[in-house]
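What follows is each chain in one-letter form.
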Amino acid sequence: QVQLDESGGGLVQAGGSLRLSCAASGRTFSTYTMGWFRQTPGKEREFVAAAIGWSGGTTYYADSVKGRFTISRDNAKNTVYLQMNSLKPEDTAAYYCAAKMGNTYYTNPSRYNYWGQGTQVTVSS
């Protein structure tokens, strides 16, 4: 079992920055692919970014956040981060941390086994 606990959400003006953190329980954090997803009311959960555990930091991003968001992980601290810069009102959503075994990432949220409770990010115009 893996438990995920997100933090760092909040209200920010457009153009601002936030950093989300996701602390994971368990001793095998480095064997999990970690992902960030987001969801707004009435819409499906959307892939944002993923970081592979074993491959020394290989990362993947949705086109909508590429160049603005950075995912990183600290395997020694069992924590994954999402640095969000140049935020836009359309980035407003509940952001969720997710984990899956192995070193393959997917954009489909159903492929992830563990989820955090979510943290709200609101970007004002």
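Structural data are supplied above this passage.
Residues numbered from 1 in each chain as written. Predicted model: local features only at pLDDT ≥ 70, side-chain atom pairs only at ≥ 80, totals over all residues. Heavy atoms only, no water.

## Section: the nonpolar core
Note the following rule: In plain words, nonpolar cores are sets of buried Ala, Val, Leu, Ile, Met, Phe, Trp, Tyr and Cys residues tied together by side-chain atoms within 4.5 Å. Exposed residues in this analysis have more than 50% of their type's maximum accessible area, buried residues have under 20%, and partly exposed residues fall in between, with area computed by a 1.4 Å probe over protein chains only. By the criteria applied, helices consist of DSSP H or I runs no shorter than four residues and strands consist of E runs no shorter than two, each listed in order from the N terminus.
With 34 residues, the main nonpolar core has L4, M34, W36, L82, M84 and Y95 as its most contacted residues. Contributing elements (two or more residues each) for this core: β3 (18–24), β4 (32–39), β5 (46–51), β7 (69–74), β8 (79–84), β9 (93–101) and β11 (119–124).

## Considerations on the environment of M101
Note the threshold: We call two residues in contact when some of their heavy atoms are within 4.5 Å.
Checked against the element boundaries, M101 lands in strand β9. Classification of M101 as partly exposed rests on a relative accessible area of 46%. Here the alpha-carbon distance between M101 and Y61, two residues 40 residues apart in the chain, equals 19 Å. When near neighbours in sequence (up to four residues on either side) are disregarded, M101 contacts T31, Y32 and N113.

## Things to note about the state of the cysteines
Filter applied, for reference: We call a pair of cysteine sulfur atoms a disulfide whenever their separation is within 2.5 Å.
A full pass over the atoms with the stated rule returns one disulfide. Linked covalently through their sulfurs, C22 and C97 form a disulfide whose S-S length is 2.1 Å. Residues C22 and C97 share a disulfide whose torsion about the S-S bond is about -80°; that sign makes it left-handed. Of this pair, C22 sits in strand β3 while C97 sits in strand β9, and the two are 75 residues apart along the sequence.

## Describing the pattern of salt bridges
When the charged atoms of two side chains with opposite charge come close together, those side chains can pair. For clarity, the threshold we go by: For this analysis, a salt bridge means a side-chain nitrogen from Lys or Arg found within 4 Å of a carboxyl oxygen belonging to Asp or Glu.
Inspection of the entire model under this criterion finds four salt bridges. With a shortest N-O distance of 2.9 Å, R38 and E46 are connected by a salt bridge. The exposure class of E46 is partly exposed, given its relative accessible area of 34%. With a shortest N-O distance of 2.7 Å, R68 and D91 are connected by a salt bridge. Here R68, found in the loop between β6 (59–61) and β7, pairs with D91, found in the loop between β8 and β9; they are 23 residues apart in sequence, far enough to count as distant. Through salt bridges with shared partners, a single network forms among R38, E46, R68 and D91.

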